[in-house]
Amino acid sequence: VARAMVVTASQFAAYDQIKEMLLSTGYFADNPVTHFSSGFLAGFVASCTSNPVDVIKTRIMNMKPGQYSGPIDCTIKTVQAEGIMALYKGFVPTFVRQAPFVIVTFVTLEQIKKFFAYIDSR
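Throughout this document, residue positions are counted from 1 along each chain, in the order its sequence is written. Only residues with pLDDT of at least 70 are given local features in this predicted model, and only at 80 or more are side-chain atom pairs given and counted; all residues enter the totals for whole chains, interfaces and linings. Side-chain numbers come from the whole structure's heavy atoms, not from hydrogens or water.

**Student:** What am I meant to see in the packing of aromatic side chains here?
**Tutor:** To describe a pair of aromatic rings, you give the distance between the ring centres and the angle between the ring planes. Pairing of aromatic rings covers Phe, Tyr and the six-membered ring of Trp, with a centre-to-centre limit of 6.5 Å; geometry is then stacked below 30 degrees between planes, edge-to-face above 60, and tilted otherwise. Going through the model one piece at a time under the given rule, you end up with 8 aromatic pairs. Arranged with centres 5.3 Å apart and planes meeting at 80 degrees, the rings of Phe-40 and Phe-95 form a pair that is edge-to-face. Of the two residues, Phe-40 sits in helix H2 (residues 32-61) while Phe-95 sits in helix H4 (residues 91-121), which places them 55 residues apart along the sequence. We call a residue buried when its accessible area falls under 20% of the maximum for its residue type, exposed when it is over 50%, and partly exposed in between, using a 1.4 Å probe and counting protein chains only. The class for Phe-95 is buried, based on a relative accessible area of 16%. Within the aromatic cluster, the residues linked to one another by ring pairs are Phe-40, Phe-44, Tyr-88, Phe-91 and Phe-95. Under the scheme used here, helices are H or I runs from DSSP no shorter than 4 residues and strands are E runs no shorter than 2 residues, and both carry numbers assigned from the N terminus.

Structure follows, in structure tokens:
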């Protein structure tokens, strides 16, 4: 549940912020290219925020009895022993899995919004 909250919050917030930033440059219009680009970058942000949660969850699931007292203890011990980048092990597969999903989600969402805006204007 915690991972789902982190992923959803980060991808929706990132998508909206990135889309607005791209539109404000004047180089992008509100079209599928912008939606694709925003979705791709939102997938990157979602991967950056969810990967540490995945790493800690996996380590807790595979721990020896008594190795960690909880997620915070696991995080502290992991970072102390291996450095902060240990929280990003497996980042590339996470991103390769998440980016297409986020892109399709937001491109579809934007097209549905456009369709219903057309229906409402009739």
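There's plenty left to go through after this.
**Student:** In this structure, what is going on with the side chain of Asp-54? I would like to understand it.
**Tutor:** Its location among the elements puts Asp-54 in helix H2. Here Asp-54 falls in the buried class, since its relative accessible area comes to 14%. Contacts were defined at the residue level, with two residues in contact if any of their heavy atoms lie within 4.5 Å. In contact with Asp-54, other than residues within four places in its own chain, are Arg-3 and Arg-97.

**Student:** Teacher, can you tell me more about a nonpolar patch on the surface here?
**Tutor:** Residues qualify for a patch when their relative accessible area is over 30% and they have no salt bridge, like charges being joined within 9 Å and the nonpolar side chains of Val, Leu, Ile, Met, Phe, Trp and Tyr within 5 Å. We get accessible surface area from the Shrake-Rupley algorithm with a probe of 1.4 Å; when it comes to residues, only the shown protein chains can shield them. The salt bridge definition used is simple: a Lys or Arg side-chain nitrogen within 4 Å of an Asp or Glu carboxyl oxygen. Together, Ile-112, Phe-115, Phe-116, Tyr-118 and Ile-119 line one region of the surface with nonpolar side chains, adding up to about 500 Å² of accessible area. Structurally, Phe-116 is set in helix H4.

**Student:** Would you take a moment to explain the packing of H2 against helix H3 (residues 71-82) for this structure?
**Tutor:** If you want to describe how two helices pack, look at the angle between their axes and the distance between the axes. Viewed as axis vectors pointing N to C, H2 and H3 meet at an angle of 105 degrees, and their least axial separation amounts to 10 Å. As judged from the angle between their axes, H2 and H3 are roughly perpendicular. Only Pro-71, Cys-74, Thr-75, Thr-78 and Glu-82 of H3 make contact with H2, whose side of the interface consists of Ile-56, Arg-59 and Ile-60. Among the residues forming the contact of H2 with H3, the class breakdown is 4 nonpolar, 2 polar and 2 charged. To get an axis, a line is fitted to the C-alpha atoms, and for a helix only the part in contact is used. The angle between two axes follows their N-to-C directions and goes from 0 to 180 degrees. Roughly parallel here means an angle under 35 degrees, roughly antiparallel means over 145, roughly perpendicular means 65 to 115, and every remaining angle is called oblique. Each residue gets one label: Ala, Val, Leu, Ile, Met, Phe, Trp, Tyr, Cys and Pro are nonpolar, Asp, Glu, Lys and Arg are charged, and the others, such as Gly, are polar.

**Student:** Got a minute to help me understand the nonpolar core in this structure?
**Tutor:** Proteins that are soluble and globular tend to have nonpolar side chains buried together. In this structure, Ala-14, Tyr-15, Ile-18, Leu-22, Ala-42, Val-102 and Phe-106 together form the largest nonpolar core, which totals 7 residues. Looking at this core, the elements that each hand over two or more residues are helix H1 (2-24) and H4. No other element matches H1, which puts 4 residues into this core. With sequence-adjacent residues up to four places away left out, Leu-22 is seen in contact with Phe-28, Thr-34, Ser-37 and Ser-38. By nonpolar core is meant a set of buried Ala, Val, Leu, Ile, Met, Phe, Trp, Tyr and Cys residues that side-chain atoms within 4.5 Å join together.

**Student:** It is not clear to me how the pattern of salt bridges should be interpreted in this structure. Could you clarify?
**Tutor:** Proximity of charged atoms lets side chains of opposite charge pair with each other. In total, this model carries 7 salt bridges according to the counting rule given. Here Glu-82 ties to Lys-89 by a salt bridge, and the two come within 2.8 Å at their closest N and O atoms. Its salt-bridge partner being Glu-110, residue Lys-113 comes within 3.7 Å of it at the nearest N-O pair. Of this pair, Lys-113 and Glu-110 both sit in helix H4, 3 residues apart, roughly one helical turn. On the basis of relative accessibility, which here comes to 45%, the residue Lys-113 falls in the partly exposed class. Looking at Glu-110, the relative accessible area reads 7%, which means it is buried. One salt-bridge network, held together by shared partners, links Lys-19, Asp-30, Glu-110 and Lys-113.

**Student:** Which parts of the structure should I look at to understand the environment of Thr-105?
**Tutor:** For Thr-105, the position within the fold is in helix H4. For Thr-105, a relative accessible area of 26% translates into the label partly exposed. As for Thr-105 and Pro-93, which are separated by 12 residues in sequence, their C-alpha atoms are 19 Å apart.

So, to be careful, I would describe these as geometric facts and stop short of saying anything about function.
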